[in-house]
2 protein chains.
Amino acid sequence: MKRDGFTLPGEAGYEALTLELAGRWGADVIRDSDGTKLSPEITGAGYRIYSTLCVIREHNAFALEHPDAQQQTFLCSRAVTAEGTSVVIPLMDGYFTEQLVINESPDALRYMQVYDRTENVEVTRGITYADGAVRVQGVTPWHQYTVSFLAYRVWEEINMYNHTTNGWTSEHLRQLDPRHGAAWQFLQDWLENWCIQNPQTDVVRLTSLFYNFVWIWGADLRNRHLFTDWASYDFTVSPAALDAFRQQYGYALTAEDFVNGGRHQPTHMPPTPAKRDYMEFIQEFVAQKARALVEIIHRHGKQAYVFYDDSWVGMEPCGKRFASIGFDGLIKCVFSGFECRLCACADVPVHELRFHPYLFPVGLGGLPTFSEGGEPEKDALRYWRSVRRALVRKPVDRIGLGGYLHLTLDYPKFVDAITEIADEFRRIRALHGSGAPYTLPCRVAVLHTWGSLRSWTLSGHFHETDRHALIHINEALSGLPVDVRFISFEDVLRGALRDCDVVINAGRMGDAWSGGDAWKNPALVAGLTRFVHEGGTFIGVGEPSAVAGYDHTLRLSHVLGVDVDKGERVCHGRWQFEVDRDVPIAVCADALGNNPNILLTGGDTKVLCEKGGVPQMTLHAFGRGKAVYMSHFTVSPESTRMLLETMLYCCGLDPLYLSDNALVETAYYPADRILVALNNAEEETSAAIRTPQGDVHVSLKPLETRIMQL
Amino acid sequence: MKRDGFTLPGEAGYEALTLELAGRWGADVIRDSDGTKLSPEITGAGYRIYSTLCVIREHNAFALEHPDAQQQTFLCSRAVTAEGTSVVIPLMDGYFTEQLVINESPDALRYMQVYDRTENVEVTRGITYADGAVRVQGVTPWHQYTVSFLAYRVWEEINMYNHTTNGWTSEHLRQLDPRHGAAWQFLQDWLENWCIQNPQTDVVRLTSLFYNFVWIWGADLRNRHLFTDWASYDFTVSPAALDAFRQQYGYALTAEDFVNGGRHQPTHMPPTPAKRDYMEFIQEFVAQKARALVEIIHRHGKQAYVFYDDSWVGMEPCGKRFASIGFDGLIKCVFSGFECRLCACADVPVHELRFHPYLFPVGLGGLPTFSEGGEPEKDALRYWRSVRRALVRKPVDRIGLGGYLHLTLDYPKFVDAITEIADEFRRIRALHGSGAPYTLPCRVAVLHTWGSLRSWTLSGHFHETDRHALIHINEALSGLPVDVRFISFEDVLRGALRDCDVVINAGRMGDAWSGGDAWKNPALVAGLTRFVHEGGTFIGVGEPSAVAGYDHTLRLSHVLGVDVDKGERVCHGRWQFEVDRDVPIAVCADALGNNPNILLTGGDTKVLCEKGGVPQMTLHAFGRGKAVYMSHFTVSPESTRMLLETMLYCCGLDPLYLSDNALVETAYYPADRILVALNNAEEETSAAIRTPQGDVHVSLKPLETRIMQL
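A quick note: this is a predicted structure, and the numbers were derived from the prediction, not measured.

Parameters at a glance
Residues numbered from 1 in each chain as written. Chains lettered and ligands numbered in written order. Predicted model: local features only at pLDDT ≥ 70, side-chain atom pairs only at ≥ 80, totals over all residues. Heavy atoms only, no water. Helix = DSSP H or I, 4+ residues; strand = E, 2+ residues; numbered from the N terminus. Rg over C-alpha atoms; globule rule 2.2 N^0.38 Å. Buried < 20%, exposed > 50% of the residue type's maximum accessible area, 1.4 Å probe, protein only. Contact = heavy atoms within 4.5 Å. Areas by Shrake-Rupley, 256 points an atom, 1.4 Å probe, with all protein chains shown as cover. Lys, Arg positive; Asp, Glu negative; His and termini not counted. Charge placed at Lys NZ, Arg CZ, Asp CG, Glu CD. Axes fitted to C-alpha atoms, helices over the stretch in contact; angles between N-to-C directions. Parallel < 35°, antiparallel > 145°, perpendicular 65-115°, else oblique. Left-handed = near helix turned anticlockwise from the far one by under 90°. Salt bridge = Lys/Arg side-chain N within 4 Å of Asp/Glu carboxyl O. Polar contact = N/O pair within 3.5 Å; in protein donor to acceptor, adjacent residues only side chain to side chain. Buried area = accessible area lost by both parts, 1.4 Å probe. Pairing = 2+ DSSP bridges. Expected span 1.5 Å × (residues − 1). Least-squares fit on C-alpha atoms with pLDDT ≥ 70 in both. Disulfide = S-S within 2.5 Å. Phe/Tyr/Trp six-rings, centres within 6.5 Å; stacked < 30°, edge-to-face > 60°. Lys NZ or Arg CZ within 6 Å of the ring centre and 35° of its normal. pLDDT = per-residue confidence, 0-100.

**What to know about the overall build of chain A**
Phase 1 of the analysis: Within chain A one finds 18 helices and 33 strands.
Phase 2 of the analysis: The C-alpha atoms of chain A give 27 Å as radius of gyration, which agrees with the globular expectation for 710 residues (27 Å, within 12%).
Phase 3 of the analysis: Across its three principal directions, the C-alpha atoms of chain A cover 75 × 75 × 45 Å.
Phase 4 of the analysis: In chain A, buried positions account for 64% of the 710 residues.
Phase 5 of the analysis: Sequence-distant contacts in chain A: of pairs separated by 6 or more residues, those separated by 24 or more amount to 71%.
Phase 6 of the analysis: Carbon together with sulfur atoms contributes 49% to the accessible area of chain A, which is approximately 24,700 Å² in total.
Phase 7 of the analysis: For chain A, the separation between the mean place of its 66 positive charges and that of its 87 negative charges on side chains is 4 Å.

Structure representation (structure tokens):
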């Protein structure tokens, strides 16, 4: 196998191992990692070289000389109960002071806010700050008070993670804010210089750029992770940013716009208008500064790839400004199929996946990988199974690994597994060479608050968001032979439904995925009503279209034929029903929820699954279209098949090139008349695959990828 | 045993049986029932005689001559989707037309309303009504439209129930509205005449008076009971009532104030201000008319007892006007302890319980009682077990039965069971003769929207409201040796907490039992904060003090040390915890819920029970007081004991006169130094009961009531 499409993490001191594995895995690129270096013996071996760079964090000396250039965040103190007419509020109570220190500058104190949380009003008088605490005079006894304030982040979060997880003991790294004038000049100069000093580097692997996802740590080990949001913008803030925002947008943001009573503004909740503005503001800033750095790298004849997973905030790969930055490649670390699709859909020349497990003793979830009790080859194959089905739908260009290569020495099965995966990856990528695989005539739109900005991902990895039905839906869709797009409520109002056959809305009442207040817009409700009435399919999961204040909890209850009772209908009788066995959808009851509060809104709603006498999956004809309700959705081969059969049935589609076995997925490449069958089971299985020429019968080995010429 | 405190349903044709059972059960009163008559042989046998009278429904001839005198209700049509710019809405689609017919009079049509439910606005133009349908011109395509309108109720609901449940075939009875001038004169004359015609009657047993609880039936047998609310006021409405309301209150009510988008205004939800006004208006009217009828009865030397369970709306036994009506007795049918306490707490001379099962072939739940498969003696003993523990706390004066006496002929075990129950009732009643039983120094306030107006009951029987934690709490409290009161949020603002040691708030977010928007009042939150901080105990169940729009879902989260996540805190870390085994409360995990969305707000909250890693019961010290959270509460002997131990622990009380066995409850009557032990188990059991003189050890037979002189 030639050297192609594989990025190997090299490691100085293990030169022979590096070159041996480069050969076995067919690497054409060698990279360093956070914590490893490459030696001349490696960089001179004829491979392309990626160098990992975290631009904002390698400059402790500068940071200590310019403490005001360090990055910041808003924090909200714990609430304190006033026992009299004055109250003292210690600001840092509960926060990890190795990460966070109060910004006591006059500029920052201007943005400090005291709130009466019992009354939900700001207190503006009688406030004095000293020694890390605020005293407020003239408060109302027995009310709760908080202080919101700016804090410097004095320990870069990925470095903090590596210290605490992997036992690192080196100096705590700090991080600079590119909005600080002197820091920005320093960073540009430093990058310029770095490029000059590193002629061996072909690709600068930016990991990522400026602002980390939000990770606020607590002082108490029993509550270490106070707030973790892979897509929020809290860590971009500073007095300078706020002042610039006010100048540009004509109104001022306050601490409360960020801390929101201590709840912050999680990506899982709909944003306020102010947050939307602020996101635009930051995205514009990040794109502009990123472009400047990419230009430096290009000027030195190198390429700039960006790693999407650490300090990537403000440059969403499907955001409208991403392409304008000029990156030459996007690298996405993946556990799952949806992450693969997220990478594949970005407008950038090269798409690369960084596979898991990372070559570290323990994995992200805290379980052992390359250490006692770990079985990294099993992890790799499990992730590969999820990724493979997405790769047959949409190609990416490269794969790779990261971490300490020497850790593989004790895990020869892992080395074998990666050899096999790398070869299979190249075979699958080659299938796309003559054109795209056959897709059912079924255009699926996933409808939520963020639309295409958050295509495929909610925020973070699967296991970090797995309580949300939508990530399960996205994961199921990532390998299905349908056309998938992500649309926002604004897109619907602009006519996006004209290009859709199926709309999916999956979330919990009030969250960003269901949509919250967006459903108060009658035009949105009317638009979807019309869409289904005229023949479209609506699939609602959990509490789709739910918002308080109307005659039903679900604004599309008339379309779905079901509603969710929030207590207002406890006196209403329930329709008796029998479970319908005639609809040709294989129901996967385990994937559904067990919600006692679902009710039928009419006698013509078919119940496909019930639990405890309560419908959990239903089908409702509405006009010329159909609507399906599922109380929840947990991804599995069987539930993925159920979702596919739901779309086939509702859209009246021919199951062409599909297998009759939920465990076997397929793809057909018409240009080369190649049929691929994927066994998603760890056991042997067989299937009949429907083709225009008749059924193709296959028997497949565990996890086999069978590529057949028709 | 002398004739005392027992009301027997007599039956013409079964005179010997009547007199025999009167003797065995110690009856001093014989009554007729709905569907039975008494013969002269019975009425002349020396017993006091109750005659059952449903004042408003025995007058079909008058009703047919004066159709506008019939009672009414507002209905909301099914919503219809507009496919173009006009829409036709059939009003009665889905309604049971044997019960309900459109009121087409101009007076009623004035109150008709068309709503655009998609936009949530009233449509006031382009509306024409004809032949049971409304046509609306100029509507917005793809919006949903409803019509709200007045309908006559042409079949009295209890009669309708008896026809459909017990196979009655007699003429459908109608009902008159006492607000109609001619009807009111007719009803008074008729009652006057009835009293003259029935000299043998000692007590007129009014069952009940004017307005039935709300029971709207559907056309489809698969959805017969569209809306059932034992405490709502929908059935009191008419153009005359609405006009009078406007005159008295200075503003007009609309159909929407009643139908509320088809949701109506269930008692389980907080009332709008307009509904509160309307309830006052109806209560005043009912009291005034009831007083007039009672005066007629009194003038004829008879007594007037009222049966609380059918047409009782507007005269709540704990309402402020009940005593003013002048009833001589209140009769309450009971399955449960809380109903017993509801009866006992009314301000009226005589309190009587009508026991279940009713002497009918099938019971209220639709299961057989006096028919194939029925075991009425077991039913009777099961209800008695619940009632007995309430009777040892608060006395009532009388008990009795109702229905067809001849049905007991085939059930001799039932006759024996009632003999035993009647004797035991008299023994327990006698215990109260010298004074009240010992009560722990623990004043418990159940806090909800309705306060004392809905003391003990939510609305309806236990099995009709058993999804609400509060009815379980009330049932548990009904037999506990603590002082119980029911307070509203307004009561708290008026200082009611000064007389409380424990406050319980138990409900679902937004419902009347949790409180909904009442919790937006900072004074309420501050009042309870202060109450606990100064030493009080707060017990929150389910979603206590929950309302949207503040920093936490539970407004008392700082007191409770827990919060409920509605999706806003999915990015927040969770406190790790170990379950505390040192707190001396025997946790009954089965009684609690399994809510995955509960989180600790601090590290000092003790977890007493967890499920799936999520706290389900917690204890939190706050100031000098304590707060306990339970995710749900299902009543059982074990959970009742848990509730008692929670109060003992939080209030620091000595468990005086309590047993060490959850199955054995006790009461101590200090005036006579009598200790009572109740075995709530169907097996033999034993217990040690703590007294100042040392433990009393008892061994009890199944369900035994042991009365001991200390």
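**Some details on the packing of helix H11 (residues 337-344) of chain A against helix H12 (residues 376-391) of chain A**
All names here are of chain A.
Phase 1 of the analysis: It is at 7 Å that the axes of H11 and H12 come closest, and there the two elements cross at 40°. The angle between H11 and H12 falls in the class oblique. Relative to H12, H11 is oriented so that their crossing is right-handed. Of the residues in H12, those in contact with Gly337, Cys340 and Arg341 of H11 are Ser386, Val387, Ala390 and Leu391.

**Quick notes on the side chain of Asp234(B)**
All names here are of chain B.
Phase 1 of the analysis: Topologically, Asp234 is positioned in the loop between strand E15 (225-229) and helix H7 (239-249).
Phase 2 of the analysis: Of the buried charged residues, Asp234 lacks a salt bridge, with Lys275 as the closest side chain of opposite charge at 6.1 Å.
Phase 3 of the analysis: Of note is the side chain of Asp234, whose polar atom sits 3.0 Å from the side chain of His264.
Phase 4 of the analysis: In this view, Asp234 contacts Gln72, Thr73, Val214, Phe258 and His264; residues no more than four positions away in its chain are not counted.

**Describing the interface of chain B and chain A**
Phase 1 of the analysis: The interface of chain B with chain A comprises 58 residues on the first partner and 58 residues on the second.
Phase 2 of the analysis: Across the interface of chain B and chain A, roughly 5,300 Å² is buried in total on both sides, 52% from carbon and sulfur atoms.
Phase 3 of the analysis: At the surface where chain B touches chain A, the tally comes to two salt bridges.
Phase 4 of the analysis: Among the salt bridges present, the one from Glu568(B) reaches Arg263(A), with a minimum N-O distance of 3.3 Å.
Phase 5 of the analysis: Remark: the boundary between chain B and chain A carries 26 residue pairs in polar contact (both at pLDDT 80 or more).

**Some points on the sheet that holds strand E13 (residues 203-206) of chain B**
Residues and elements named next belong to chain B.
Phase 1 of the analysis: If you walk around this closed barrel you meet the eight strands as E1-E2-E3-E13-E16-E17-E18-E19, and the pairing is parallel. On average, each strand axis in the sheet is inclined to that of its neighbour by 25°, with strand direction left out of account.
Phase 2 of the analysis: As paired elements, strand E2 (residues 29-31) and strand E3 (residues 48-53) share three bridges and run parallel to each other. Among the inter-strand pairings, Arg31 is bridged to a residue of E3, identified as Tyr50.
Phase 3 of the analysis: With respect to the sheet, helix H11 (residues 337-344) is in contact with strand E16 (303-308), strand E17 (329-334) and strand E18 (350-355), its orientation differing from that of E17 by roughly 175°.

**Brief notes about helix H18 (residues 637-651) of chain B**
Residues and elements named next belong to chain B.
Phase 1 of the analysis: Here H18 spans 21 Å end to end across 15 residues, near enough to the 21 Å set by a 1.5 Å rise per residue.
Phase 2 of the analysis: For H18, the tally of buried residues reaches eleven of 15 residues, placing the bulk of the element in the interior.
Phase 3 of the analysis: Within H18, the full set of buried residues consists of Ser639, Thr640, Arg641, Met642, Leu643, Leu644, Glu645, Thr646, Met647, Leu648 and Cys650.
Phase 4 of the analysis: Following H18 by one or two positions, Gly652 adopts a phi angle in the positive range, close to 65°.

**Examining the relation of the copies chain B and chain A**
These two copies of the chain differ by a rotation about an axis and a displacement along the same axis.
Phase 1 of the analysis: Aligned on chain A, chain B shows an RMSD of 0.1 Å; the corresponding rotation is 180° and the shift along the axis is 0.1 Å. With respect to symmetry, the two chain copies, as superposed, fit the operation of a two-fold axis. Proximity to the rotation axis, assessed at the C-alpha, singles out Ala548(B) in chain B; its C-alpha lies 5.4 Å from the axis.

**Re the sheet that holds strand E29 (residues 664-669) of chain B**
One key point about sheets: their strands pair by backbone hydrogen bonds, in either a parallel or an antiparallel sense.
Residues and elements named next belong to chain B.
Phase 1 of the analysis: Read from one edge of the open sheet, three strands run E29-E30-E33, paired in antiparallel fashion. Here the strands that pair on one side only, and so sit at the sheet edges, are E29 and strand E33 (705-709). Pairwise comparison of adjacent strand axes, ignoring direction, gives a mean angle of 15° for this sheet.
Phase 2 of the analysis: The sheet contact formed by strand E30 (residues 674-679) and E33 spans five bridges and is antiparallel. Across the sheet, the residue bridging to Leu675 is Met708, located in E33.

**What to know about the pattern of salt bridges**
All names here are of chain A.
Phase 1 of the analysis: Considering all chains together, one arrives at 78 salt bridges over all chains under this definition.
Phase 2 of the analysis: As a salt-bridge pair, Arg454 and Glu316 come within 3.3 Å of each other at their nearest N and O atoms. One end of the pair, Arg454, is in the loop between strand E20 (443-447) and helix H14 (469-477); the other, Glu316, is in the loop between strand E16 (303-308) and helix H10 (322-325), and 138 residues separate them in sequence.
Phase 3 of the analysis: Judged by its relative accessible area of 2%, Arg454 is buried.
Phase 4 of the analysis: Take Glu316: its relative accessible area is 3%, and that puts it in the buried class.

**Details of the state of the cysteines**
Phase 1 of the analysis: Under the criterion given, the structure shown has zero disulfides over all chains.
Phase 2 of the analysis: Counting only cysteine sulfurs, Cys76(B) is the nearest neighbor of Cys571(A), a cysteine outside any disulfide, at a range of 16 Å.
Phase 3 of the analysis: You can see Cys588(A) has no disulfide; the closest cysteine sulfur is in Cys609(A), sitting 9.0 Å from it.
Phase 4 of the analysis: Here Cys588(A) falls in the buried class, since its relative accessible area comes to 11%.

**What to know about the packing of aromatic side chains**
Phase 1 of the analysis: One pass over the full model with this rule turns up 64 aromatic pairs over all chains.
Phase 2 of the analysis: Here Phe62(B) and Phe186(B) contribute two aromatic rings whose centre-to-centre distance is 4.4 Å and whose plane-to-plane angle is 20°, an arrangement assigned as stacked. Residue Phe62(B) is located in helix H3 (residues 60-65), and its partner Phe186(B) is located in helix H6 (residues 181-197); the two are separated by 124 residues in the primary sequence.
Phase 3 of the analysis: Residue classification places Phe186(B) among the partly exposed residues on the basis of a relative accessible area of 25%.
Phase 4 of the analysis: Here the aromatic rings of Tyr278(B) and Phe281(B) are separated by 5.9 Å at their centres, their planes lie at 35°, and the arrangement is tilted. In this pair, Tyr278(B) and Phe281(B) are both assigned in helix H9 (residues 273-299), three residues apart and thus about one turn of the helix distant.
Phase 5 of the analysis: Look at Phe281(B) and you get buried, because its relative accessible area is 4%.
Phase 6 of the analysis: Residue placement shows Arg205(A) over the ring face of Phe307(A); its charged tip is 4.5 Å from the ring centre.

**Re the environment of Pro481(B)**
Residues and elements named next belong to chain B.
Phase 1 of the analysis: Inspection of the secondary structure puts Pro481 in the loop between helix H14 (469-477) and strand E21 (483-487).
Phase 2 of the analysis: Assessed through its relative accessible area of 7%, Pro481 is described here as buried.
Phase 3 of the analysis: Each C-alpha atom, one on Pro481 and one on Cys442, is 8.7 Å from the other, the two residues being 39 residues apart in sequence.
Phase 4 of the analysis: Once residues within four sequence positions are removed from consideration, Pro481 is found in contact with Arg393, Tyr438, Thr439, Leu440, Leu644 and Leu658.

**Quick look at the confidence of the model for chain A**
Phase 1 of the analysis: Averaged over chain A, the pLDDT score is 96; the fraction of residues at 70 or greater is 100%.
Phase 2 of the analysis: Here the predicted complex scores 0.96 on pTM and 0.95 on ipTM.

**Side note on the side chain of Thr419(A)**
Phase 1 of the analysis: Position of Thr419(A) among the secondary structure elements: in helix H13 (residues 412-431).
Phase 2 of the analysis: Apart from residues lying up to four places away in sequence, Thr419(A) is in contact with Arg24(A) and Trp25(A).

**Focus: helix H16 (residues 522-533) of chain B**
All names here are of chain B.
Phase 1 of the analysis: With twelve residues, H16 should cover 16 Å at 1.5 Å per step; its first-to-last C-alpha distance of 16 Å lies within 8% of that length.
Phase 2 of the analysis: Within H16, nine of the twelve residues are buried, which leaves the element mostly enclosed by the surrounding structure.
Phase 3 of the analysis: For H16, the full list of buried residues reads Pro522, Leu524, Val525, Ala526, Leu528, Thr529, Phe531, Val532 and His533.
Phase 4 of the analysis: For H16, the side-chain oxygen to backbone nitrogen distance between the N-cap and Ala523 is 2.9 Å, and the N-cap itself is Asn521.
Phase 5 of the analysis: Downstream of H16 by a residue or two, Gly535 has a phi angle that is positive, lying close to 125°.

**Details of the environment of Pro178(B)**
Phase 1 of the analysis: In this fold, Pro178(B) is placed in the loop between helix H5 (157-166) and H6.
Phase 2 of the analysis: Those residues within four positions of Pro178(B) in sequence are excluded, and the remaining contacts are Ile56(B), Gln71(B), Trp184(B), Leu187(B), Phe210(B), Tyr211(B), Phe285(B) and Lys289(B).

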